[in-house]
Structure formats: structure tokens, C-alpha cells
Amino acid sequence: MAEAVIVATARSPIGRAFKGSLAGIRADDLMTQVVQALLDEVPALDPTTVDDLFVGAWDQAGEHAENMARRIAVQLGYDHLPAVMVNRACASSVQTARMAANAIAAGDGDVFISGGVESISRYSRQTRVGSGDPDLQNPMFRAAQEVSESYVDSNETWHDPRTEGQLPDIYLAMGQTAENVATYCGVTREEQDAFALASQQRAAAAVADGFFAREITPIMLPDGSAVTTDDSPRPSTTADGLAALKPVFRAQGTITAGNACPLNDGAAAVLIMSDVRARELGLTPLARIVATAASALSPEIMGLGPVDATRRVLAKAGLGVDDIDLFEINEAFAAQVIPSYRQLGIDPAKLNVHGGAIALGHPFGSTGARIMTTLINGLRSRDEQFGVETMCVGGGQGMAIVLERLS
């Protein structure tokens, strides 16, 4: 059976939403530049032999709508290239990589472009984060929403509504789910702020030594200027500054703008092909996809999604936690990363060693491919073998992938 290998990666800088460096560029134009840069990395590949383009995004309305992936293919001049949009919320571009790996294993093709994009700056008013329209929500969940709303002004510990015969609140805001996890798992504000500070410090060190410069594709804006660096890292962050921030979601809560990821714009892509095709083209793959997994749990504590997903993917790979050299858990909130890595028994010295989304940002659809790019970069720079990327997923899911570095 053919194995799926990664032969190239590309990612844009990550811009801050609304007023950041990428706010003025459409998502399809942004992703088009990233895909072209990806293909430029592999001149031995004839683009007409690419079997499919998989693009992930959470929002698929407004400028993101109408199969944006196919629009990207046509913008590139590749009328021959099939393309499809994928939505598994935050893990959309983890899912696209899984689709490519599964297609290769099934003999459905040899070469796939996998990635994702999100331009929160370009969301329509109706789809902008946090502006869910109650008229569009299924009324079956209204009773669950009323219970969730009662938590906002209380310190009540989360309990599973299923035990009382109720549906969970699938529409619950992500910050509220993080507050649930914090109370359910006993994660303090001080622990969250300390984790966030470490993320900022690690990202600052990685920027300073040129780590991220190796993986970033410059993006040309409509005005002719270029964006070459991430917007969000804040090297001046201090413990006192984080401690001074007020909770965002609950009056007595612990989630702040400092210990959660910001809203962002960005795109990323990886070129995945069969090991057979890579050999035919004389390519030395960067890594192989060893195993993938998806899991699910209550939407109200979605932040714990990495726990079961990671356990499943390690079992598939025949590996244990101690066999993994680097872990990347997407930092949607410090409140969910902390209990996730603790429950898994991950050594913090192996976790998000170059910072994570709290510092770098989280453009939903692109984050899976961005993390994959950073994980491969990290394994290569440290001469390590195995890496795991995993994340929680809005709606109550988790995803994980095991990679083995090959060069």
C-alpha cells in the first residue's frame, strides 16, 4: 500500500483580524498565492498531474462561499484541477490532510494539495464570530442554551446535561466552553496566564532566531506591498500585564484576551503525495503521515477534544506518548491546553516549543496546515523523528495526526 508523504509546505504570515496586515486581501486571493508558492517549491511536479485540491475553512459564506477552492484553482490557471471545500471548524485543514492520506491509501490518486484559509476580516456581518442568528438555530437546543446562560454570572462547575436527560448546548460560544473546562478541570487563572506568557516568550524567541521566517511565504497585497511576518506575537507581554486583564466571557471567569487566541486571517497548504510518486520524481519527502484520528465529546467542553483524539492516533500508530519528540496542541485557550496535556501525560518541554496560537494566532481553517508546517520545521531544526499535532474543534470534536520526519 502506498504511503502518504509531505514534500512541501507553505504558509502565509498570520494577520490580526479587522485591522491587521491581511485585512485588505480576499481569502481566495490569499490562498491562491500560498498554493502557487507551494507548487513553486516542487519544480519537478507537473501541476496538471495534481489529482485534487482540498481547502478547509470554517466560514463558507460571503467571499468564502460557492466552493472557494474551485475558484482558487481557476485563478491559478489550473482549469483541469478538481477542488472542494471542507468544514470541520478549527480542524478543517487537518481534515483535508486526512482526506489526502486516505485517498492515497485507497489508490484514488497520487498527488493532492491540502490546506486551509480563513479571513475573519472579510466575514459578512451575518457570519462574523459571535454573532450567531437565533432565528437560524434549531429550537431543540433552546433549553440547553438557557442552562448555559445561567453559568455566565455564576461560578457553577460544569456538569454533563446528558445526565439529566437534556441536550448539550451545541451553539455555546467557544469562550464559554473554555470557562466550562476551566471549572470542570480546576484550571486557575494564574495557571492560564503563566501558560500564555510562556507561549509569547517561546514565539518571540522563535521569531528572533529566524525559525518562522523559514516557513512563511510573503504575501503581496493589492497595493503592491508585501507582508512577511506574523502580526500577533507580543514579545513585550508580562505576567503583570496578563494579570491586569479582565475576564471576557463571565464576570467571575478566568478567560481573558491574554490567555486565549486572537482572531486572525491566514492561509497554509501542504503538498501530499504517494511515496511511489515522490520516488519517481526524485523527491526527498519532508515527512510521512503515520496515522490520523478524529474524536467527539460534549460540545460544552469541546476544549478537551485533543485528549481522546491523541490517544486514538497514538494507538493507531503503535506509539506511546514517550515516543513522541514534539507535540503541537492548538492553543485556542490556555484553559483547555493545560488539562489536555496533563491528562495525556505530555512533558511540557516537548509542547508548543515555538509558541502557539495564543501568541501566533488561529485563522480557523488554516490552522491545521499551519501547525503541520511548524511541526515539520521544528522536527527538522531539532533533528527529531516523531511529532503529533492535535486540536479541539468547535461543536465538540478533536483531531490528531502523527508525523514522522524523513529529511
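**Q** Can you break down the nonpolar core residue by residue, with the values?
**A** Counting 40 residues, the largest nonpolar core has Ile113 and Leu271 as the members making the most contacts within it. Broken down by element, the residue count for this core peaks at eight residues, all from helix 1 (residues 27-40). Look past the residues within four positions of Ile113 in its chain and what remains in contact with it is Val35, Leu38, Leu39, Val50, Asp52, Leu53, Phe54, Ala269, Val270 and Leu271. Ile104, Val393, Ile401 and Leu403 belong to the second largest nonpolar core, which has 35 residues in total.

**Q** Outline the environment of Gly62, listing residues and values.
**A** With respect to the helices and strands, the residue Gly62 is situated in the loop between strand 3 (52-56) and helix 2 (68-75). The class for Gly62 is exposed, based on a relative accessible area of 53%. In the structure, Gly62 is positioned 290 residues away from Asn352 in sequence and 34 Å away in space, judged by C-alpha atoms.

**Q** Tell me about helix 3 (residues 92-105), and name the residues and values.
**A** Taking 1.5 Å as the rise per residue, helix 3 with 14 residues should run 20 Å; its terminal C-alpha atoms sit 20 Å apart, in good agreement. Within helix 3, 11 of the 14 residues are buried, which leaves the element mostly enclosed by the surrounding structure. Within helix 3 the residues assigned to the buried category are Ser92, Ser93, Val94, Gln95, Thr96, Ala97, Arg98, Ala100, Ala101, Ala103 and Ile104. Immediately downstream of helix 3, the backbone of Gly107 shows phi near 80°, a positive value.

**Q** Lay out the packing of aromatic side chains in plain terms, naming residues and giving numbers.
**A** In this description, a pair of aromatic rings is defined by centroid distance and the angle of the planes. A complete count under the given rule lists five aromatic pairs for this structure. When the centroid spacing of 5.1 Å and the interplanar angle of 80° are considered together, the rings of Phe211 and Phe212 count as edge-to-face. On the accessibility criterion, Phe211 (2% relative accessible area) is buried.

**Q** Describe the pattern of salt bridges, naming the residues involved and giving the relevant values.
**A** Here the structure, examined in full by the defined rule, presents 17 salt bridges. Between Arg11 and Glu215 there is a salt bridge; the shortest N-O distance is 2.8 Å. Taken as a pair, Arg11 in strand 1 (residues 4-11) and Glu215 in the loop between helix 6 (189-208) and strand 6 (219-220) lie far apart in primary sequence, 204 residues in all. Glu215 carries the same exposure label as Arg11, and that label is buried. Of the charged contacts, one joins Glu191 and Arg342 as a salt bridge, the two residues approaching to 3.2 Å between their closest N and O atoms. Remark: Arg342 occurs in helix 10 (residues 334-344) and Glu191 occurs in helix 6; sequence separation between them is 151 residues.

**Q** Lay out the packing of helix 5 (residues 174-185) against helix 10 with the relevant residues and their values.
**A** As a packed pair, helix 5 and helix 10 sit with axes 8 Å apart at the nearest point and diverge in direction by 45°. Judged by the inter-axis angle, helix 5 sits oblique to helix 10. Once helix 5 is placed against helix 10, the crossing between them reads as left-handed. In this structure, helix 5 uses Ala178, Val181, Ala182 and Cys185 to contact helix 10, whose residues at the interface are Ala335, Gln336, Pro339 and Gln343. Counted by class, the contact of helix 5 with helix 10 contains six nonpolar, two polar and no charged residues.

**Q** Any chance you could break down the pairing of strand 5 (residues 111-119) for me, citing the residues and the numbers?
**A** Counting buried positions over the nine residues of strand 5 gives nine, a clear majority of the element. Burial of strand 5 is two-sided: the residues Val111, Ile113, Gly115, Val117 and Ser119 facing one way and the residues Phe112, Ser114, Gly116 and Glu118 facing the other way are all buried. Looking at chain direction, strand 5 and strand 8 (residues 264-274) are connected through nine bridges and run antiparallel. Counterpart to Gly115 in the pairing with strand 8 is Ala269.

**Q** Tell me about helix 12 (residues 364-382), residues and numbers included.
**A** Across its 19 residues, helix 12 extends 27 Å between first and last C-alpha, which sits within 8% of the 27 Å expected from 1.5 Å per residue. Taken across its 19 residues, helix 12 has 16 buried, putting it largely inside the fold. Phi for Asp383, located one or two positions after helix 12, is positive at around 55°.

Each value, and the rule that gives it
Residues numbered from 1 in each chain as written. Predicted model: local features only at pLDDT ≥ 70, side-chain atom pairs only at ≥ 80, totals over all residues. Heavy atoms only, no water. Core = buried A, V, L, I, M, F, W, Y, C linked by side-chain atoms within 4.5 Å. Buried < 20%, exposed > 50% of the residue type's maximum accessible area, 1.4 Å probe, protein only. Helix = DSSP H or I, 4+ residues; strand = E, 2+ residues; numbered from the N terminus. Contact = heavy atoms within 4.5 Å. Expected span 1.5 Å × (residues − 1). Phe/Tyr/Trp six-rings, centres within 6.5 Å; stacked < 30°, edge-to-face > 60°. Salt bridge = Lys/Arg side-chain N within 4 Å of Asp/Glu carboxyl O. Axes fitted to C-alpha atoms, helices over the stretch in contact; angles between N-to-C directions. Parallel < 35°, antiparallel > 145°, perpendicular 65-115°, else oblique. Left-handed = near helix turned anticlockwise from the far one by under 90°. Nonpolar A, V, L, I, M, F, W, Y, C, P; charged D, E, K, R; others polar. Pairing = 2+ DSSP bridges.

Such coordinate-based values are descriptive only and should not be taken to indicate function.
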